[in-house]
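# Notes for the structure review
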Amino acid sequence: LIWMIADIHLFNNEKTYETNDFSFGTSPINGSSAEHRLDKPQVSGQLAISGQATTKYKGWENASLSVDVGYHVLPRLTLFARCESNLHLFDKNDTRTFDRSLNLGGGLSFSLTNPIKSPEALDLQLSVTNSVGDADWKNTSYGASVLFYHNYSGHRVAPYIGLGYRYSASHTTGIKDFSGLTGTIGIRF
């Protein structure tokens, strides 16, 4: 995931917008041409919080809340660690019930658009998580999503939406594997 951490800087007596996140480059606030300065150290950290829901599959649904902490290894490539709380909803004996799991893992995000030239961003995100602790449903989950967000000038926060696919391999006896289309809404700092 590419997250936007922006600051306003004074450089050469001109007020310009410049992201501390190397992947976004720079764009002007005052209408002057964009500058791309590599001589100044860039902050490469990121933080994102998101919620995700899946389509129903064989009577199962999944909802999750995730926190991602990442590092930009290249201008368009980000590696991240993920902590995810999952709620698996299903019908059992005509009663709606649920299982919970805490998953830890990580992934990578690749920007499909040029982060320096485009105000809109489109990222491909791949992730793998595995349940930890005393989870009701032990599983390994694999996800692929396309995320869309806008690079807001002068803002530290960037909301995003996404569509994707999730497959969860079950490690609990009596519970089948799960897969479904996903919808994601989140915020990046």
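Above this text sits the structure in question.
Okay, so let's go over this structure.

Parameters at a glance
- Residues numbered from 1 in each chain as written.
- Predicted model: local features only at pLDDT ≥ 70, side-chain atom pairs only at ≥ 80, totals over all residues.
- Heavy atoms only, no water.
- Pairing = 2+ DSSP bridges.
- Helix = DSSP H or I, 4+ residues; strand = E, 2+ residues; numbered from the N terminus.
- Axes fitted to C-alpha atoms, helices over the stretch in contact; angles between N-to-C directions.
- Phe/Tyr/Trp six-rings, centres within 6.5 Å; stacked < 30°, edge-to-face > 60°.
- Buried < 20%, exposed > 50% of the residue type's maximum accessible area, 1.4 Å probe, protein only.
- Lys NZ or Arg CZ within 6 Å of the ring centre and 35° of its normal.
- Core = buried A, V, L, I, M, F, W, Y, C linked by side-chain atoms within 4.5 Å.
- Contact = heavy atoms within 4.5 Å.

### A short note on the sheet that holds strand β7 (residues 95-111)
- Around the barrel, which closes on itself, the eight strands sit in the order β4-β5-β6-β7-β8-β9-β10-β11 with antiparallel pairing between neighbours. Between one strand axis and the next, the sheet turns by 25° as a mean value, whatever way the strands run.
- In the sheet, strand β6 (residues 77-92) pairs with β7 via 16 bridges, with the strands oriented antiparallel. Residue pairing in the sheet places Lys-92 in a bridge with Thr-95 of β7.

### Overview of the packing of aromatic side chains
- Here the structure, examined in full by the defined rule, presents four aromatic pairs.
- On the numbers, 5.4 Å between centres and 40° between planes, the contact of Trp-60 with Trp-137 is tilted. Taken as a pair, Trp-60 in strand β5 (residues 60-74) and Trp-137 in the loop between β8 (120-132) and β9 (139-150) lie far apart in primary sequence, 77 residues in all. Taken as a pair, Trp-60 and Trp-137 share a single burial class, namely buried.
- Considering the side-chain rings of Tyr-142 and Tyr-167, the 6.4 Å spacing of their centres and the 20° angle between planes classify their relative orientation as stacked. Highlighted residues: Tyr-142 in strand β9 and Tyr-167 in strand β10 (residues 158-170), separated in sequence by 25 residues.
- Seen from the ring of Tyr-160, Arg-188 lies directly overhead, with NZ or CZ sitting 4.6 Å from the centre.

### Some points on the nonpolar core
- The biggest cluster of nonpolar side chains holds six residues, and these are Ala-48, Ala-121, Leu-147, Tyr-149, Ala-158 and Tyr-160.
- Elements with a contribution of two residues or more to this core: β9 and β10.
- Residues Trp-60, Phe-90, Trp-137 and Ile-175 belong to the second largest nonpolar core, which totals five residues.

### Brief notes about unusual backbone geometry
- Backbone geometry places Lys-58, a non-glycine residue, at a positive phi of 50°.
- Structurally, the position occupied by Lys-58 is in the loop between β4 (45-54) and β5.

### What to know about the environment of Ser-145
- Along the chain, Ser-145 falls in strand β9.
- For Ser-145, a relative accessible area of 7% puts it in the buried group.
- Separated by 18 residues in the primary sequence, Ser-145 and Ser-127 have C-alpha atoms spaced 8.8 Å apart.
- Discounting residues that sit within four places of it in the chain, Ser-145 has contacts with Gln-52, Asp-123, Leu-124, Gln-125, Leu-163, Gly-164 and Thr-182.

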